[in-house]
Amino acid sequence: MAAVSRVATRASFVSSLARRYLSSELNSHAPPHNSAPFRVVPTRGKDQMNSHVRWVFLGCPGVGKGTYASRLSSLLGVPHIATGDLVREELASSGPLSSQLSEIVKQGQLVSDEIIINLLSKRLVAGEANGDLGFILDGFPRTIKQAEILEGVTDIDLVINLRLPENVLLEKCLGRRICNQCGGNFNVASIDIKADNGSPGIVMAPLLPPTDCITKLITRSDDTEAVVKERLRIYNELSRPVEEFYRNRGKLLEFNLPGGIPESWPKLLHALNLDDYEDKHSAAG
Ligand code: AMP
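We now turn to the structure provided with this report. (Residues numbered from 1 in each chain as written. Predicted model: local features only at pLDDT ≥ 70, side-chain atom pairs only at ≥ 80, totals over all residues. Heavy atoms only, no water.)

Moving on to the sheet that holds strand β2 (residues 80–82). Read across the open sheet, the five strands follow the order β2-β3-β1-β4-β10; overall the sheet is parallel. Where the open sheet ends on each side, the last strands, each with one partner, are β2 and β10 (252–256). The average undirected angle you get between the axes of adjacent strands in this sheet is 20 degrees. One ladder, built from three bridges, connects β2 with strand β3 (residues 135–138); its direction is parallel. Note that in β3 the partner of I81 across the bridge is L137. Relative to β2, helix α4 (residues 83–92) is tilted by about 60 degrees, and along the sheet it contacts β2 and β3. (Pairing = 2+ DSSP bridges. Helix = DSSP H or I, 4+ residues; strand = E, 2+ residues; numbered from the N terminus. Axes fitted to C-alpha atoms, helices over the stretch in contact; angles between N-to-C directions. Contact = heavy atoms within 4.5 Å.)

So this is what it looks like as structure tokens:
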């Protein structure tokens, strides 16, 4: 019975995401979000929490949303869904949208809500077929409108807002490298920012690729200095208000990254009350 209702709510969520977008565009008399016809019932309780989590990662470009979302995804067995990856997959497919998307992404602008919701809905449909339960979203929502649409179709349990100083973000984006064969993410930047005026210093060692990947490294077309600065400007203008949206709903967990992965990962697990979880998993593995 529980399984049946889970399947039903998953299906409702996917179809209502696209429908919610359409109704927000077409019907100015749409019911308020809390009376949407389909509501996904969040699963609470620690024992069930892992594979059902509905979490969102917020944070500026280059902060490490993908890194930490994908680590949590492996730990909890929940899919990591990055809308930036969906956009890049669409670009690589040379489908009908790719030339339009390529210009937008190269300039560091946001893709339209319609396109992004379509890509996300398709990904969720594929996940349903796979039996996915929860999700960890990365890169969505990026505007208040996207947050409202998401709120109209599902309850988000938690929003993790990763933070780093802006000068670190720029260096991290410029140092980012991707292996075009295995898709691994690396970073050649060696960051050592001294403490200044009460702000703590920050040290992040490079995350170097294994030998096999070295000759296959590529840089994202939107990781140039000018485009990263534009992406940061857009984040501050359109996505920063999304932090406030979730702060007002008591769902925002602010997390100032203390350094690279070795220092940050255990502290993030602790903040999420998952430190025991990792210990149990490594023992079981
Ligand atoms: P990211 O990998 O998250 O930095 O995303 C790469 C690019 O994909 C962004 O600069 C946008 O052009 C596009 N994109 C990703 N997610 C969204 C979103 N939720 N809304 C609009 N555009 C997006």
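Per the stated rule, a full pass over the model turns up two aromatic pairs. Taken together, a centroid distance of 6.5 Å and an interplanar angle of 25 degrees make the contact between Y68 and W265 stacked. Placement of the pair is Y68 in helix α3 (residues 65–76) and W265 in helix α10 (residues 261–271), with a sequence separation of 197 residues. Exposure class is identical for Y68 and W265. Each is buried. Here F245 and Y246 contribute two aromatic rings whose centre-to-centre distance is 5.0 Å and whose plane-to-plane angle is 85 degrees, an arrangement assigned as edge-to-face. (Phe/Tyr/Trp six-rings, centres within 6.5 Å; stacked < 30°, edge-to-face > 60°. Buried < 20%, exposed > 50% of the residue type's maximum accessible area, 1.4 Å probe, protein only.)

Mapped onto the fold, R231 is located in helix α9 (residues 225–248). Accessibility expressed as a relative area gives 10% for R231, which makes it buried. Within the structure, the side chain of R231 is placed 2.6 Å from the backbone oxygen of D222, a separation counted as a polar contact. (Polar contact = N/O pair within 3.5 Å; in protein donor to acceptor, adjacent residues only side chain to side chain.)

Moving on, we get to helix α6 (residues 113–129). In this model, α6 (17 residues) spans 24 Å end to end at C-alpha, consistent with the 24 Å of a helix rising 1.5 Å per residue. Here α6 has its buried residues at D113, I115, I116, I117, L119, L120, S121, L124 and G127. Of the residues one or two after α6, G131 is the one with positive phi, at around 85 degrees. (Expected span 1.5 Å × (residues − 1).)

Let us look at the packing of α3 against α10. Axis separation between α3 and α10 bottoms out at 12 Å; the angle between their running directions is 55 degrees. As the angle between them shows, α3 and α10 are arranged oblique. Read as a crossing pair, α3 and α10 show a hand that is right-handed. Mapping the contact onto sequence places T67, Y68, R71, L72 and L75 in α3 and I261, S264, W265, L268 and L269 in α10. A class-by-class count of the residues in the contact of α3 with α10 yields seven nonpolar, two polar and one charged. (Parallel < 35°, antiparallel > 145°, perpendicular 65-115°, else oblique. Left-handed = near helix turned anticlockwise from the far one by under 90°. Nonpolar A, V, L, I, M, F, W, Y, C, P; charged D, E, K, R; others polar.)

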